[in-house]
Amino acid sequence: MAKVDPSGKDISTTGRSSLTGVSGLLHDNPMLCLALLLLICVAIILGQFLRLTAQINSTTLLEEAASHASTQRAFRSVYTSYVVDRLRSDSTVTITHDPDSNPEGIPFPITLSMILGNQLSEDRAGMESAIYSPYPFPWRESTGGLRDRFSKDAWDELNADPEQPFFRYETVGGIKTLRYAVADRMRATCIECHNTHTDTPKSDWAIGDVRGVLEISLPADKIAVTNRVHSSLIELFLSMTLMIIVGLALLGIVVQRLRNSTNQTRKLATKTQQINEQLESEIDERYRINKQLLDEIVVRKQSETALLDAKEQAEMASRTKGDFLAIMSHEIRTPMNGVLGMTGLLLDTRLDDEQLRFVSAIEESAEGLLKIINDILDFSKIEAGKLTIEPVPTDIVSVVAETIAFFKPRAAEAGISLDVHYASPMKRRIFIDFGRLRQILTNFLSNAIKFTSKGAVTVTVRCAPIGPDNARLELVVEDTGIGLDPDQLEHIFQMFTQADSSTTRRYGGTGLGLAITRKLARLMNGDVHVSSERDKGSRFIFSAEVQVDASVADAEKIENPGTEATVSVAADGASNRPLANASGSQPRVLLVEDNLVNQRVAVKMLEKIGCRVDVAGNGEDALEKISGCTYDLVFMDCMMPVMDGFEATRRQRLRESDDEHIPIIAITANAMKGDRERCLECGMDDYISKPVNKDRLRAVAQKWLTGERGSDG
């Protein structure tokens, strides 16, 4: 019985007849094989030629543009040094931007540079030269400003990195054109004129500032093929000849193989017939097996339906859990802000020794409760897969120093020393999630100080290069504390687990810190290890391979390079100097908060740092107050009755003009993943999660009042 497909066609001989037809065609027409092979070779060579030509032309064009730019800049530098600077003291000589109208004067350096660019453009057909800046003198406002998207992009890129040229290809007048831009930077001899000229658009220039952009435009369709192109063509045709020789040799082998395969095909045809007969006998068995499979599929479909229902229920439970965590985070942090804020304010008042002990105990207990809340929320986010790692350029020495500074008072109170060592060679600038790195180091130090009653806690930092772009980061925290037994080391990284029950009774804690630390380390493609000995201390190590930030060189060398250097760290205290706005006067701040306790806390904190504060109970009230008064800064709660902070911010941004932007800072108990992004998306400028202390409030207020808007760190 023949094997047929559903249309009735005999498929048992289709493959055999196709193979025989192709084999016969190639066997009877060897020149067809040669022609096909030559066509393939020519196509490959032509493609390589076009790619190489385009690459060489692009390189040639860039070199020509760079040469023109270098010529203009060199000419301008020489002209400034040897002509303008020497004649500036001569009162009989006038330096002018319009030499055509003032034949007795000499042109400004930039004017003569533009004249030179026009002359070079006449010598090189199609080339154009332009110099522009967002700060043009009045007589160049029509031609010297940022003219289009390329000029704006060039200005932004060259301001960020003035040492590197900026270029791209664009279609100008229907012609593909290379637009090549370099930074026009301020020299010492230029600053006096630019900063003191009566018509200057900007009077605070400094040496090295990017004054403007020098652009060279060259048409890409008029590039002459250089000698390198000819040498490349010779190499290309030599390669083609070699490929043809190899192709002919392969053709002979193919023809012989085809002859042999024809004989083998005949033998295979007989064997295939025998196999088909065996297959036909197996078809009936397969039909029976398929029937059984269909029955099993029905059962499996039913199981899959049940699994989908269970999955939907699990996802709903996960969403419910996430919503619950978000609500609990908000509801707990709101009163915690009041507890910690009022405690901090109370500590700033006159207290006797007994009252100070009581208030300090309240503050310590509240901070312990906040840490437990944060640990539980972090662990829940990790378990739900909602915690992400965001590597950013980071100065590792600054992160470690700030963390050590925080723990210095606690270590001094415990009567132990706290030191940090940086091992050489040391890469300071790396890409890492500095917030999570600080959290890991904080957990290590908190445990080390907690479990050490005498001796020392030592932090050792290593960040040695292991390649041109990578380094191995190690943070080692050693203490002389109570230590651990070998059997206890197996359990300390498990959730809700400490060394033993006595540890919990004596020192407290949830047992989540180290579990979170290990999970964070592994999310950062690293790990945490520990070694310990009872009554002699412990050694915790975080290690990870990180990418080196090569865009910024290490600006500060650590003392005694080549040996392990010790860097002493002093705790930073918040400044008590009152804040001031850009004009030097007392800043006026609007606090938008519906909780009365949190209102009193925030108002008192803001007044203590030198602000004059108005209060609004909801977003609608806030918009009315902003309409009737000029504020330097707005602190906006998010969850409020009548109108929440998100809607109030959106409406305020819609009614603002470009020069009326008021900084709005979210100050909210929403601390789950995505809350910060939601605040920024609606138009807020920054974000602080509750509870908030005075130093943190001062830092963010100073950042937006003075314009020092760097990384939030």
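Scroll up to find the structure.
Here goes a summary of the coordinates provided. (Residues numbered from 1 in each chain as written. Predicted model: local features only at pLDDT ≥ 70, side-chain atom pairs only at ≥ 80, totals over all residues. Heavy atoms only, no water.)

**Concerning the overall build of the protein**
When you go through the protein residue by residue, the secondary structure sums to 16 helices and 19 strands. A burial count over the protein gives 38% of its 713 residues as buried. In the protein, of all internal contacts separated by at least 6 residues, the share reaching a separation of at least 24 is 68%. In the structure as shown, the protein presents an accessible area of about 40300 Å², 55% of it carried by carbon and sulfur atoms. (Helix = DSSP H or I, 4+ residues; strand = E, 2+ residues; numbered from the N terminus. Buried < 20%, exposed > 50% of the residue type's maximum accessible area, 1.4 Å probe, protein only. Contact = heavy atoms within 4.5 Å. Areas by Shrake-Rupley, 256 points an atom, 1.4 Å probe, with all protein chains shown as cover.)

**A word on the sheet that holds strand β19 (residues 686-689)**
Strand order in the open sheet formed by five strands is β16-β15-β17-β18-β19, with parallel pairing between adjacent strands. Each edge of the open sheet is held by one strand with a lone partner, namely β16 (612-616) and β19. Along the sheet, successive strands turn relative to each other by an average axial angle of 20 degrees, direction set aside. Of the pairings in the sheet, the one linking strand β15 (residues 588-592) to strand β17 (residues 633-636) comprises four bridges and is parallel in character. By the bridge assignment for β17, V592 is matched with M636. This element, helix α12 (residues 596-608), spans β15, β16 and β17 of the sheet and lies at about 160 degrees to β16. (Pairing = 2+ DSSP bridges. Axes fitted to C-alpha atoms, helices over the stretch in contact; angles between N-to-C directions.)

**Digging into the packing of aromatic side chains**
Inspection of the entire model under this criterion finds six aromatic pairs. Where Y135 meets W155, the ring centres are 6.0 Å apart and the plane angle is 70 degrees; that geometry is what we call edge-to-face. One end of the pair, Y135, is in the loop between β3 (128-132) and α4 (149-160); the other, W155, is in helix α4, and 20 residues separate them in sequence. Here W155 falls in the buried class, since its relative accessible area comes to 11%. Ring geometry for F444 versus F540: centroids 5.5 Å apart, planes at 40 degrees, classification tilted. Of the two residues, F444 is situated in helix α9 (residues 434-450) and F540 in strand β13 (residues 537-548); the sequence distance between them amounts to 96 residues. Taking relative accessible area as the criterion, F444 reaches 2% and is therefore assigned buried. On the basis of relative accessible area, F540 is assigned to the buried category, the value being 8%. By way of ring pairs, the aromatic residues Y135, W155 and W205 are connected into one cluster. Directly above the aromatic system of W205 lies the positively charged group of K202, at a separation of 5.2 Å from the ring centroid. Its end group placed over the ring of F646, R678 keeps NZ or CZ at 3.9 Å from the ring centre. (Phe/Tyr/Trp six-rings, centres within 6.5 Å; stacked < 30°, edge-to-face > 60°. Lys NZ or Arg CZ within 6 Å of the ring centre and 35° of its normal.)

**Some remarks on the pattern of salt bridges**
Counted under the stated rule, the structure contains 25 salt bridges. The salt bridge involving R168 is made with E170; its shortest N-O contact spans 2.9 Å. Residue classification places R168 among the partly exposed positions, given a relative accessible area of 25%. For E402, the salt bridge is made with R438, and the minimal N-O distance between the two is 3.2 Å. Placement of E402 in helix α8 (residues 396-414) and of R438 in helix α9 is noted, with a sequence separation of 36 residues between them. On the accessibility criterion, E402 (43% relative accessible area) is partly exposed. Within this structure, D148, R149, D153, R168, E170, R179 and E215 form a network of salt bridges that share partners. (Salt bridge = Lys/Arg side-chain N within 4 Å of Asp/Glu carboxyl O.)

**Here's the deal with the pairing of strand β6 (residues 210-219)**
When a strand is regular, its side chains alternate between the sheet's two faces. Of all 10 residues making up β6, 10 are buried, and the element is well covered by its neighbours. Looking at chain direction, β3 and β6 are connected through five bridges and run antiparallel. Its bridge partner being in β6, Y132 is matched across the sheet by V213. One ladder, built from nine bridges, connects strand β5 (residues 175-185) with β6; its direction is antiparallel. In the strand pairing of β6, T177 is matched with P219.

**Re the environment of A154**
With respect to the helices and strands, A154 occurs in helix α4. Here the alpha-carbon distance between A154 and R168, two residues 14 residues apart in the chain, equals 9.8 Å. Those residues in contact with A154 that lie beyond four places of it in its chain are Y132, F166, A181 and V213.

**Observations regarding the sheet that holds β3**
Strand order in the open sheet formed by four strands is β3-β6-β5-β4, and the pairing between neighbours is antiparallel. On the outer flanks of this sheet lie β3 and β4 (166-172), each paired with one strand and no other. Averaged over all adjacent pairs, the angle separating strand axes in this sheet is 25 degrees, with direction ignored. Against the sheet, α4 engages β3, β4, β5 and β6, with an angle of about 175 degrees to β4.

**A short note on a nonpolar patch on the surface**
A grouping of L242, V246, L250 and I253 is seen on the molecular surface, where their side chains present a nonpolar patch of about 360 Å² in accessible area. Checked against the element boundaries, L250 lands in helix α6 (residues 227-347). (Patch = residues over 30% accessible without salt bridge, like charges linked within 9 Å, V, L, I, M, F, W, Y side chains within 5 Å.)

**Quick look at the nonpolar core**
One finds I396, V400, L437, L445, V461, L473 and F542 to be the most contacted residues of the largest nonpolar core, which totals 44 residues. Ranked by residue count, the leading element in this core is α9, at eight residues. Discounting residues that sit within four places of it in the chain, L437 has contacts with I396, V399, I432, L473, L475, M524 and F542. One finds L345, A602, I609 and I688 within the second-largest nonpolar core, a separate group that totals 23 residues. (Core = buried A, V, L, I, M, F, W, Y, C linked by side-chain atoms within 4.5 Å.)

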